[in-house]
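Fold and geometry: a report
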Amino acid sequence: MKIFSGTSNRPLAQKIAEKLGQDLSPLEIYVFPDGEKRIRVLERVTDEDCVVVQPTSPEPDKSYMELFFIVDALRRSGASKIKAVIPYLGYQRQDHVFREGEAVSLEVIATLLKWGGVDEVISFDLHSIKIPEIFKIKLNHLSALPIFAQEIKKMGKATVLISPDSGGIRRIKLLSRMLGNMPFAVIKKDRNLATGKVAMDGIEGKVKENAVIIDDMISTGGTIVGASDLLKKKGVKEIFVFATHAVFSDQAPSILSNSSLKKVFVTDTINIPKEKRFPKLQILSVSQMIAEQLKM
Ligand code: R5P
């Protein structure tokens with residue numbers, strides 16, 4: 001098996017390769033002055049199983065195009081099977097028509113991955129468990145919840161798990177079970193689809209002195225900060241956050257850093273550059289889980 005990395009998260013690709021006891025295979029990724037990319041495989045891959053690691057954040061369109069070109073180069077060079085490790089799958093929130101006239105962007109991505117020559121995809125904590133049904137190729141849906149469960153156990157505090165919206169109920173129930181039926185509560189969230197603004201309308205379930213908010217991703221930080229403000233009003237003293245994908249768009253890092261949150265745990269499905277890191281942030285790695293999946 002040969003492992004290649006696109007440019008979106010090379011540190012993660014390197015960790016995965018290390019866990020599998022090998023080096024990353026070389027690729028030439030040349031960027032022309034106008035932004036176009038030329039990809040060239042620099043190693044013999046004939047009849048080899050190849051893995052390409054490329055989460056699609058930041059800049060989902062650029063990351064996807066680069067992935068498609070790497071896959072094409074591998075296919076033309078004779079690779080027998082190509083697995084795309086896309087720990088953060090961009091466009092996953094556009095998995096159906098919400099309002100008349102909208103594109104189903106994720107379906108376009110799924111079609112392009114298949115047509116481009118990808119045989120299998122590995123991804124993490126997808127927004128909906130129905131997403132694999134959209135794909136006509138195998139999509140291995142992994143979850144960072146076991147890593148979160150370990151970390152929450154280590155904290156050793158009597159706490160309550162919080163889902164910041166009803167879409168996260170399944171996730172929170174799974175985590176609660178992993179933690180010996182830890183109590184949980186669900187916030188009633190409403191998002192204005194036109195403006196993206198979120199409103200928190202109350203909470204179902206009891207809260208305690210400490211709370212752990214669980215989410216699949218943090219993009220602008222609006223959901224997490226809205227949830228933590230509501231929890232504070234309900235008398236919660238210490239609030240921790242666990243979210244798989246650190247999309248961190250706009251001012252998210254400074255919003256989170258200046259919030260009353262005690263600590264923010266995310267994973268390395270998306271590379272987090274130094275300028276987006278802050279003292280309260282702790283990054284947990286999914287590399288071991290991916291390496292184990294690749295061994296199967
Ligand atoms: C929404 O349903 C998701 O689970 C996340 O809560 C959301 O995408 C986070 O986005 P933001 O950080 O912009 O509120």
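Our structure is the block above this text.
Attention here is on the structure that accompanies the text.

**So, the side chain of Asp-268**
As for its placement among the helices and strands, Asp-268 is situated in the loop between strand 13 (263–267) and strand 14 (281–284). When its relative accessible area of 8% is taken as the criterion, Asp-268 is described as buried. At a separation of 2.7 Å, a polar atom in the side chain of Asp-268 contacts the side chain of Ser-285. At 2.8 Å, the side chain of Asp-268 forms a polar contact with the backbone nitrogen of Val-286. If we ignore the near neighbours within four places in the chain, the residues touching Asp-268 are Asn-9, Leu-12, Lys-15, Ile-283, Leu-284, Ser-285, Val-286 and Ser-287.

**Digging into helix 2 (residues 60–76)**
Its 17 residues give helix 2 an end-to-end C-alpha distance of 24 Å, which sits within 8% of 24 Å, the value for a rise of 1.5 Å per residue. Residues of helix 2 that are buried include every one of Ser-63, Tyr-64, Glu-66, Leu-67, Phe-68, Ile-70, Val-71, Ala-73 and Leu-74, and no others. Among the structural elements, strand 1 (2–5), strand 2 (27–31), strand 3 (37–41), strand 4 (49–53), strand 5 (81–85) and helix 3 (105–116) are those in contact with the buried residues of helix 2.

**A word on the packing of aromatic side chains**
For the structure on display, the rule yields six aromatic pairs. Look at Tyr-64 and Phe-68: their rings are 6.0 Å apart centre to centre, the planes differ by 20 degrees, and that puts the pair in the stacked class. Here Phe-68 and Tyr-64 lie together in helix 2, a separation of four residues that amounts to about one turn. For the pair formed by Tyr-64 and Phe-68, the shared burial category is buried. Geometrically, the ring pair formed by Tyr-64 and Tyr-91 is stacked, given 6.3 Å between the ring centres and 25 degrees between the ring planes. With Tyr-64 in helix 2 and Tyr-91 in the loop between strand 5 and helix 3, this residue pair connects regions lying 27 residues apart in the sequence. Counting every residue linked through ring pairs, the aromatic cluster contains Tyr-64, Phe-68 and Tyr-91.

**Quick word on the site of the ligand**
With respect to spatial proximity, 14 residues lie near the ligand, and among them Asp-215, Asp-216, Ser-219, Thr-220 and Thr-223 are the closest. Contacts to the ligand include Asp-215, whose side-chain N or O atom sits 2.5 Å from an oxygen atom. One nitrogen or oxygen atom from the side chain of Thr-220 is found 2.6 Å from an oxygen atom belonging to the ligand. Relative to its free-state accessible area of 370 Å², the ligand is covered by the protein chains to the extent of 92%. Of all the secondary-structure elements, those providing two or more residues to the shell around the ligand are strand 9 (184–191), strand 11 (210–218) and helix 7 (222–233). Counting residues per element, the shell around the ligand draws most heavily on strand 11, which supplies four residues. Classifying every residue of the shell around the ligand by side-chain character gives two nonpolar, six polar and six charged.

**Topic: the environment of Ala-211**
Relative to the helices and strands, Ala-211 resides in strand 11. Among the residues examined, Ala-211 registers a relative accessible area of 0% and is labelled buried. When the C-alpha positions of Ala-211 and Phe-184 are compared, they lie 9.1 Å apart, and in sequence the two are 27 residues distant. In this structure, Ala-211 is in contact with Thr-159, Val-160, Ile-162, Leu-231, Val-236, Glu-238, Ile-239 and Phe-240, ignoring residues within four places of it in sequence.

Calculation notes
Residues numbered from 1 in each chain as written. Predicted model: local features only at pLDDT ≥ 70, side-chain atom pairs only at ≥ 80, totals over all residues. Heavy atoms only, no water. Helix = DSSP H or I, 4+ residues; strand = E, 2+ residues; numbered from the N terminus. Buried < 20%, exposed > 50% of the residue type's maximum accessible area, 1.4 Å probe, protein only. Polar contact = N/O pair within 3.5 Å; in protein donor to acceptor, adjacent residues only side chain to side chain. Contact = heavy atoms within 4.5 Å. Expected span 1.5 Å × (residues − 1). Phe/Tyr/Trp six-rings, centres within 6.5 Å; stacked < 30°, edge-to-face > 60°. Near = heavy atom within 4 Å. Areas by Shrake-Rupley, 256 points an atom, 1.4 Å probe, with all protein chains shown as cover. Nonpolar A, V, L, I, M, F, W, Y, C, P; charged D, E, K, R; others polar.

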